[in-house]
Amino acid sequence: MTTTTSTTAAPTEAVATASTAATASTADAPALIRFRPTGLDTAPEVNALLERLGLGPFAPDGLTAFGGRNDNWAGTTTRGRQVFVKTVARAPDGSRPEIDRALAFEATAARLPAGSPLRTPEHLGTDRESAVSAFRLLPGSRSGSEVALDGDFDEALCREAGRAVATLHTLGTADGASGGTSGGEAPDPASAPAIDTGEAPLPPMRWLRAFPWSEVQDRSMAQIAAWKLVQDDTEVVAALHRLRERERTAPHTPAHCDLRFDQFLVHDGQLFLCDWEEFRLADPARDVGAFVGEWLFQATYSVFAPTGEPTSAKDAVAPGFDLSHEEIVERGAAGLRHHIPRIAAFWQGYTECRTPDPELAERAVGFAGWHLYDRLIATAQAHAVLNPVARAAAGIGRTLLLNPAGAVATLRLADPAVPHPAVTPAAVLPTAVAHPAQPHPADAPSGSPR
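Residues numbered from 1 in each chain as written. Predicted model: local features only at pLDDT ≥ 70, side-chain atom pairs only at ≥ 80, totals over all residues. Heavy atoms only, no water.

Asks: When you look at the overall build of the protein in this model, what are you seeing that I'm missing?
Replies: Looking only at helices and strands, the protein has 13 helices and 11 strands in total. A buried classification covers 56% of the 450 residues belonging to the protein. For the protein, the share of sequence-separated contacts (at least 6 apart) that also reach a separation of at least 24 residues comes to 77%. (Helix = DSSP H or I, 4+ residues; strand = E, 2+ residues; numbered from the N terminus. Buried < 20%, exposed > 50% of the residue type's maximum accessible area, 1.4 Å probe, protein only. Contact = heavy atoms within 4.5 Å.)

Asks: I tried to follow the sheet that holds strand S10 (residues 270–273) on my own but got confused; where do I start?
Replies: Strand-to-strand pairing in sheets goes through backbone hydrogen bonds, with the strands running parallel or antiparallel. If you walk across this open sheet you meet the three strands as S7-S9-S10, and the pairing is antiparallel. Both outer strands of the open sheet, strand S7 (142–143) and S10, are each paired with one neighbouring strand and no more. When strand S9 (residues 264–267) meets S10, the two strands line up antiparallel, connected through four bridges. Counterpart to leucine 265 in the pairing with S10 is phenylalanine 272. (Pairing = 2+ DSSP bridges.)

Asks: What exactly am I supposed to notice about the side chain of arginine 375 here?
Replies: As for its position among the elements, arginine 375 is in helix H11 (residues 360–379). We classify arginine 375 as buried; its relative accessible area is 16%. In this view, arginine 375 contacts Arg260, Glu294 and Phe297; residues no more than four positions away in its chain are not counted.

Asks: Even after reading the chapter, I still don't get the packing of H11 against helix H12 (residues 388–402), so can you show me in this structure?
Replies: The relative placement of two packed helices is expressed as an angle between their axes plus a distance between the axes. Contact pair H11 / H12: the axes reach a minimum separation of 7 Å and the direction vectors enclose 160°. Classed by the angle they form, the pair H11 and H12 counts as roughly antiparallel. In this structure, the crossing between H11 and H12 has a hand that is left-handed. Residues Val365, Gly366, Ala368, Gly369, Trp370, Leu372, Tyr373 and Leu376 of H11 form the contact with H12, whose participating residues are Ala390, Ala393, Ala394, Ile396, Gly397, Arg398, Leu400 and Leu401. Its residues assigned to classes, the contact of H11 with H12 shows 12 nonpolar, three polar and one charged. (Axes fitted to C-alpha atoms, helices over the stretch in contact; angles between N-to-C directions. Parallel < 35°, antiparallel > 145°, perpendicular 65-115°, else oblique. Left-handed = near helix turned anticlockwise from the far one by under 90°. Nonpolar A, V, L, I, M, F, W, Y, C, P; charged D, E, K, R; others polar.)

Asks: Help me understand the packing of aromatic side chains in this model?
Replies: We describe a pair of aromatic rings using the distance from one ring centre to the other and the angle between the two ring planes. The tally for this structure, following the rule as stated, stands at 17 aromatic pairs. Ring geometry for phenylalanine 264 versus phenylalanine 291: centroids 6.1 Å apart, planes at 80°, classification edge-to-face. You can see phenylalanine 264 sitting in strand S9 and its partner phenylalanine 291 sitting in helix H8 (residues 285–304), a full 27 residues away along the chain. Taken individually, phenylalanine 264 and phenylalanine 291 each receive the classification buried, so the pair is uniform in this respect. By way of ring pairs, the aromatic residues Phe153, Phe261, Phe264, Phe291, Trp295, Phe346, Trp347 and Tyr350 are connected into one cluster. (Phe/Tyr/Trp six-rings, centres within 6.5 Å; stacked < 30°, edge-to-face > 60°.)

Asks: What's the story with the nonpolar core in this structure? I'm lost.
Replies: The biggest cluster of nonpolar side chains holds 84 residues, and the ones touching the most others in it are Phe291, Leu376 and Leu411. With 11 residues, the single largest contributor to this core is H11. Leucine 376 has contacts with Ala226, Phe297, Leu386, Ala390, Ala393 and Ala394, leaving out every residue within four places of it along the chain. Counting 15 residues, the second-largest nonpolar core is a separate cluster that includes Leu40, Leu53, Leu63 and Val132. (Core = buried A, V, L, I, M, F, W, Y, C linked by side-chain atoms within 4.5 Å.)

Laid out in structure tokens, this is it:
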């Protein structure tokens, strides 16, 4: 068993395998989406780790879970400690690359100074053999996706997110992690796994040509249609190859490589960044582009929400087939005007803490384009057909991938001192929102790695 006691890691993406347990108790309360966790009798390694750490096993009362792809448990132990425990899957060969990458992050970030913009909940210990990790629970915290859904992921939080991501990208440099510890005993770098230097898995380049037949049974028809949008578009495929080539020659830094709103936590007014299973040395533009892409995906949703601003998951995926061309353009412009200042605030925070390389912003726009495809593929899992939201997202992603340089200034990723242009649909989305990409007939197997 590997046991450390630093404050440098806390993956928050975790899954409940049963039904929803609770949401907000009042109509005007913030969304707090929680789930019923997997029974601990089927995962004895969880309490075994907690007992080895001296925390005591979970008390059954009040045990809950958060959303995501991995089993997790959140609650209080018999010794009164509030704990979050998470498992990750092993690779088919029995290795544990996700655990190793998370432990590598902890060793890298162990010397973050107190007050660092990069905050992560306290890591209590990891049993590498069982692929289980324990962290200090942040009671009442809300995931970034919940905060965004409630309209509370404002410019101030976006600026803090930019500062946190920039600090991550400076880890191991002269102005990065140095000068003291963040509390507790830092993990021993000598015994920690090395930082992964392998290429990030997304986009899966071999799937641009053909989707493995063995994967088809796990994909919905909407996911198959979404991947056909990519595979049948020779210009998009070529743009993704160009982006990968630019990534290989770009300066690499420690990077999150799986950045989404739900990887952030807001607790007592502070922002925490979590979930380090994809941590590696990579192009920092991946993380910047993912954050930009999250807001553009929100802007796409706002086109088809009944009020132009999604207020619930149901509203966010409203069909929207009855909207006129003029309504689509008007709502698209409104969504962009609403969200681009948040992108600008993120970039301001980022550049306050790190000087990006000259081409980072342009590469980030390309990765934002891929992020839109990635998110629409992921969200298509539960659907039989692609709705207009997904098609519009594909159109936006296509526009950004084909002309990333043309969107840098409009997305406010240029020098903050340079006046920025007015936001119009034509500036970033010449055909994306007004004329969303249409799916091709699914005449060959395709799908998503999600």
